[in-house]
Amino acid sequence: MLQAIANLGGWLLMMGQHPRSESLFYYFRIEEQVPENHLLRLIDRHVSFEFVREKLRDSYSETGRPSIDPIVLLRILLLGYLYGITSERRLVEELRMHLAWRWFTGLGFDQEIPNHSTFSKNRHGRFQESNLFQELFERIVEQCIQAGLVQGEQMSVDGSFIMANASHHSRIPREQFKEAARVNYGARKYLEELEQENGDGEPIHEQDKVSTTDPDSTYLTKGNRAAELGYFDNYLIDNESCVIVGVQATAARLSQESAAARDMIDRYCERYGRRPKGVAADTTYGNGEMLQWLDERGIAGYIRVKENPKGQPTDLYGIDQFTYVPEENGYICPEGKVLKYTGINKHNNTHVYFSTPKRCRECSQKSRCTRGQYRTIAIHTCEEARQRAHARAETPEFAVALRKRRKVEALFSELKNLIGLRRLRLRRIKFVREQFYLAAVAQNLKRLVRFLTMRAQPKMATA
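Residues numbered from 1 in each chain as written. Predicted model: local features only at pLDDT ≥ 70, side-chain atom pairs only at ≥ 80, totals over all residues. Heavy atoms only, no water.

Visitor: Which residues make up the overall build of the chain, and what values do they have?
Guide: Within the chain, the secondary structure is distributed over 17 helices and 13 strands. Expressed as a percentage of the 463 residues in the chain, the buried residues total 45%. Pairs at least 24 residues apart make up 67% of the contacts formed inside the chain by residues separated by at least 6 positions. Counting only carbon and sulfur atoms, one obtains 49% of the accessible surface of the chain, whose full area is about 26200 Å². (Helix = DSSP H or I, 4+ residues; strand = E, 2+ residues; numbered from the N terminus. Buried < 20%, exposed > 50% of the residue type's maximum accessible area, 1.4 Å probe, protein only. Contact = heavy atoms within 4.5 Å. Areas by Shrake-Rupley, 256 points an atom, 1.4 Å probe, with all protein chains shown as cover.)

Visitor: If you had to explain the side chain of Asn 234 to someone new, which residues and values would you point to?
Guide: Structurally, Asn 234 is set in strand E5 (residues 228-238). Under the relative-accessibility criterion, Asn 234 is labelled buried at 0%. Polar side-chain contacts of Asn 234 include one of 3.1 Å to the side chain of Thr 250. Contact partners of Asn 234, with chain neighbours within four places excluded, come to Asp 158, Gly 159, Gly 246, Val 247, Gln 248, Thr 250, Glu 257, Ala 260, Met 264 and Tyr 285. (Polar contact = N/O pair within 3.5 Å; in protein donor to acceptor, adjacent residues only side chain to side chain.)

Visitor: How would you explain the nonpolar core if you had to name every residue and give the values?
Guide: Counting 96 residues, the largest nonpolar core has Phe 49 and Tyr 235 as its most contacted members. Take this core: its biggest share by element is 13 residues, from helix H17 (residues 429-462). The residues contacting Phe 49, other than those within four sequence positions of it, are Ile 43, Ile 71, Leu 74, Arg 75, Leu 78 and Leu 136. Counting 9 residues, the second-largest nonpolar core is a separate cluster that includes Tyr 317, Phe 322, Ile 377 and Ile 379. (Core = buried A, V, L, I, M, F, W, Y, C linked by side-chain atoms within 4.5 Å.)

Visitor: Just give me the short version of the packing of helix H11 (residues 254-272) against helix H12 (residues 288-296), but keep the residues and values in it.
Guide: What describes two packed helices is the angle between their axes and the distance between those same axes. Two elements in contact, H11 and H12, have axes separated by 10 Å at closest approach and are oriented at 15°. By the angle class used here, H11 and H12 are roughly parallel. Considering the relative orientation of H11 and H12, their crossing is left-handed. When H11 is examined against H12, the residues Ser 258, Ala 261, Arg 262, Ile 265 and Asp 266 are found in contact with a partner set consisting of Met 290, Trp 293 and Leu 294. (Axes fitted to C-alpha atoms, helices over the stretch in contact; angles between N-to-C directions. Parallel < 35°, antiparallel > 145°, perpendicular 65-115°, else oblique. Left-handed = near helix turned anticlockwise from the far one by under 90°.)

Visitor: Now, about the packing of aromatic side chains: what can you tell me, with residues and values included?
Guide: Counted under the stated rule, the structure contains 10 aromatic pairs. Judged by centre distance (4.7 Å) and plane angle (15°), the ring pair of Tyr 235 and Phe 412 falls under stacked. Here Phe 412 lies in helix H16 (residues 396-417) and Tyr 235 lies in strand E5, a separation of 177 residues in the sequence. Assessed through its relative accessible area of 0%, Tyr 235 is described here as buried. Relative to Phe 398, the ring of Tyr 302 has its centre 6.4 Å away and its plane inclined at 55°; by these criteria the two rings are tilted. Taken together, the residues span a long stretch of sequence, with Tyr 302 in strand E8 (residues 300-302) and Phe 398 in helix H16 at a distance of 96 residues. There is no split in this pair, since Tyr 302 and Phe 398 are both buried. One aromatic cluster is present, built from ring pairs that chain together Tyr 324, Tyr 331, Tyr 341 and Tyr 353. (Phe/Tyr/Trp six-rings, centres within 6.5 Å; stacked < 30°, edge-to-face > 60°.)

Visitor: Which residues make up the pattern of salt bridges, and what values do they have?
Guide: According to the stated counting rule, one finds 21 salt bridges in the structure shown. Across the pair Arg 405 and Asp 158 runs a salt bridge whose closest N-O atoms are separated by 3.6 Å. Highlighted residues: Arg 405 in helix H16 and Asp 158 in strand E1 (residues 154-163), separated in sequence by 247 residues. For the pair Arg 405 and Asp 158, a shared accessibility class is recorded, and that class is buried. Notably, a salt bridge pairs Glu 409 with Arg 405, separated by 3.1 Å at the nearest N-O pair. Taken together, the residues span about one helical turn, with Glu 409 and Arg 405 both in helix H16 at a distance of 4 residues. (Salt bridge = Lys/Arg side-chain N within 4 Å of Asp/Glu carboxyl O.)

Okay, here's the thing in structure tokens:
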């Protein structure tokens, strides 16, 4: 018994106990605490933000108290997107505790951290007016191109739905919106801004019901998911490097995806003086107008043609059974009957050719040709581009392009799961655009600094 007590006492003596204590002074340098291979150190080493001061110079007064350095504010905002912090209040709280974050922003322990409201003031003011976030995104893309990371020959485009910061219960009939603005401050301010911007106090997107919380958001249902308010985040990416070279925020309308794709490709060509050789996309982009637009610019569209779900039944004569007569701009059916051209159907952009009830009434092949009183043929105005797309879909290059297209879906997964942008924090499309640009910047920065670091390693080893 005595031996057991002696052994227990020995163990207690050998067990370390660390008292909570704090020295009055420390000799401490943040610089020495950030590893050489830390993401923020790599960004600081390879990316310059000095253009920000020059771009915002005219928006600052020459008198009064010095303001917070805009580069510091921008770096703090970037931290939120790099590490998935969606709240600016929480971002400021986290900044107080993270050594690497303080080092990246240049804020020492004796320097005050900006209040979260400072970000809103600058975002609604000088940052928004100067298109700073778009400029930052395009400069990072330009650096990726100059570094040789972006090849720019084969690209993919897609859009993803992001939920708006508004409930579907906030929707009211469009005609009641102005009346609601009398008592709803957000709706009233929205109409006032619209009137200043374009002289029209009407919500931008044509929809039967408008949200009083975020009138720019649109109501969308897709597949089996419940309808929600939101926006589309559209990406144009380089297939080889997975770098995002184009970003655009649009209303959550499927028709907006093709328009956004054209705008992003045009912007890329205009800004960087390069044009892709091929663009891959899903069937949503496979309308004739989009396919022809790509063909006119010498871009191969690796896109499956979008067919009309209410097209001609497959058990009836197809278009290949009819003979086109260019001189008369008409078709001849298998029984020699004429289908005359009647014009363009603007609803679905097709050239329409009609027979007549008299010609089809006594035809022996009518049951195999049409179930109506007479046969009609609708030829898309961009049919040649559609046929070229059909032929391209049978090539090995098409299969390769579709596999590469999955990379854009992986980027959207990163956007929602790692950056945390499943639901938007800001409202109005101009502020939604800011979030999309900053998220894309964060995604591109990770790939750029990783590439530059790997490229520099052999040189360091040789030295």
